[in-house]
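Here is how the chains run, residue by residue.
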Amino acid sequence: MLEIGYGEGGEIRLAGRFDASQAEGARRFLDGVEGTRTVDLKDLSYISSAGLGVLLAAQKRLVEAGGGLRLVNVSSHIHDILRYTGFHQIFEIETL
Amino acid sequence: MSMEKAFERSFDSLEGIFAFTGEFFARESIDPGEHHAVELAVEELFTNMVKYNAGSSAAIVLRMERCNGDLRIVLTDPDADHFDPTAIEAPRVDRPVEEREPGRLGLFLVRKLMDRIEYEYDGRRSRITLTKTLG
């Protein structure tokens, strides 16, 4: 199960498992995001290509409009996945 | 020792699939550092079978076994078109964001995270075997 919402500081918080069954709900949420936002992944335990695709689509849209997503508190195993897929070149990333 | 279970051809099966892999990890005392890679590989191949052969109602069978130092994962789709995941061209992951397109990352990651992928196709039965050497 994936939880997605805004934290107290206005950051986007992703918690749980970001798999293919959760991608549509996350896409709907991120479609409503504008500007430059921090995404806190501290409580995200798992991500697959379905989740990566949702993040990439959001980043493309936001960068084109002059904004973007910044990923923070990224665990080492998720950071490996982001690195393998070249996401470290298209997102600003801060590890835990 | 091996475990095997059939799953309905639906993304909604993922929760049950992860419960199954979790049970296998616990039973075989698989290092938690290996869990994400194995779960990801299983999800990518299972969801590919769901997406690209949605017309079938046949269940997809997942088998996991530990053989000496290897973990072997076998996914069998009894009613599939030919689709060889070992023959897919890798996406360009070094492109700037405006040139990136969502998609094709799943099989790329499976190849990156697993040590061996074998594909067999016989009649309409498709079988993919993944091997990961445990550290």
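Here's what I pulled together on the structure shown here. Computed from a prediction, not measured in an experiment: that's the story for all the values here.

**Things to note about the overall build of chain B**
Step number 1: When its secondary structure is counted, chain B shows three helices and five strands.
Step number 2: Each helix and strand of chain B, placed in order from N terminus to C terminus, yields the pattern β-α-α-β-β-α-β-β.
Step number 3: Taking 14 Å as the expected radius of gyration for a compact globule of 135 residues, we find that chain B reaches 15 Å, a close match to that expectation.
Step number 4: By principal-axis analysis of the C-alpha atoms, chain B measures approximately 45 × 35 × 25 Å.

**Quick notes on the overall build of chain A**
Step number 1: Each helix and strand counted, chain A has three helices and five strands in total.
Step number 2: For chain A, the α and β elements follow one another from N to C terminus as β-β-α-β-α-β-α-β.
Step number 3: The C-alpha atoms of chain A give a radius of gyration of 12 Å, which matches the 12 Å a tight globule of 96 residues would have.
Step number 4: Dimensions of chain A, computed from C-alpha atoms along their principal axes, come out at roughly 30 × 25 × 25 Å.
Step number 5: A buried classification covers 51% of the 96 residues belonging to chain A.

**Notes on the sheet that holds strand β2 (residues 12-18) of chain A**
All names here are of chain A.
Step number 1: The strand order β1-β2-β3-β4-β5 describes an open sheet built from five strands, whose pairing is mixed. Two strands close off the open sheet at either side, each with one partner strand: β1 (2-6) and β5 (92-95). Across the sheet, the axes of successive neighbouring strands diverge by a mean angle of 20°, strand direction being ignored.
Step number 2: The pairing of β1 with β2 spans five bridges and is antiparallel. Pairing of Tyr6 across the sheet is with Ile12, part of β2.
Step number 3: The sheet strands contacting helix α1 (residues 23-31) are β1 and β2, and the helix crosses β1 at an angle near 5°.
Step number 4: This element, helix α2 (residues 49-64), spans β2, β3 (36-47) and β4 (68-74) of the sheet and lies at about 140° to β4.

**Comments concerning α2 of chain A**
Residues and elements named next belong to chain A.
Step number 1: Its 16 residues give α2 an end-to-end C-alpha distance of 22 Å, which sits within 8% of 22 Å, the value for a rise of 1.5 Å per residue.
Step number 2: Looking at α2, one finds that the buried residues are Ser49, Gly51, Leu52, Gly53, Val54, Leu55, Leu56, Ala58, Gln59, Lys60 and Leu62.
Step number 3: Of the residues flanking the end of α2, it is Gly66, one or two places downstream, whose phi is positive at about 95°.

**With respect to the environment of Pro102 of chain B**
Step number 1: Within the element layout of this structure, Pro102 of chain B appears in the loop between β3 (70-77) and α3 (105-113).
Step number 2: Sequence separation of Pro102 of chain B and His82 of chain B is 20 residues, and the distance between their C-alpha atoms is 23 Å.

**What to know about the packing of aromatic side chains**
Step number 1: A full pass over the atoms with the stated rule returns six aromatic pairs over all chains.
Step number 2: Each ring, one from Phe7 of chain B and one from Phe20 of chain B, has its centre 5.8 Å from the other, and the planes form 80°; the classification is edge-to-face. On the criterion of sequence distance, the pair formed by Phe7 of chain B in strand β1 (residues 2-7) and Phe20 of chain B in helix α1 (residues 14-28) is long-range, its members being 13 residues apart. There is no split in this pair, since Phe7 of chain B and Phe20 of chain B are both buried.
Step number 3: For the cation-ring pair, Arg17 of chain A lies above Tyr46 of chain A, with the distance from its terminal atom to the ring centre recorded as 4.2 Å.

Thresholds, definitions, all that
- Residues numbered from 1 in each chain as written.
- Chains lettered and ligands numbered in written order.
- Predicted model: local features only at pLDDT ≥ 70, side-chain atom pairs only at ≥ 80, totals over all residues.
- Heavy atoms only, no water.
- Helix = DSSP H or I, 4+ residues; strand = E, 2+ residues; numbered from the N terminus.
- Rg over C-alpha atoms; globule rule 2.2 N^0.38 Å.
- Buried < 20%, exposed > 50% of the residue type's maximum accessible area, 1.4 Å probe, protein only.
- Pairing = 2+ DSSP bridges.
- Axes fitted to C-alpha atoms, helices over the stretch in contact; angles between N-to-C directions.
- Contact = heavy atoms within 4.5 Å.
- Expected span 1.5 Å × (residues − 1).
- Phe/Tyr/Trp six-rings, centres within 6.5 Å; stacked < 30°, edge-to-face > 60°.
- Lys NZ or Arg CZ within 6 Å of the ring centre and 35° of its normal.

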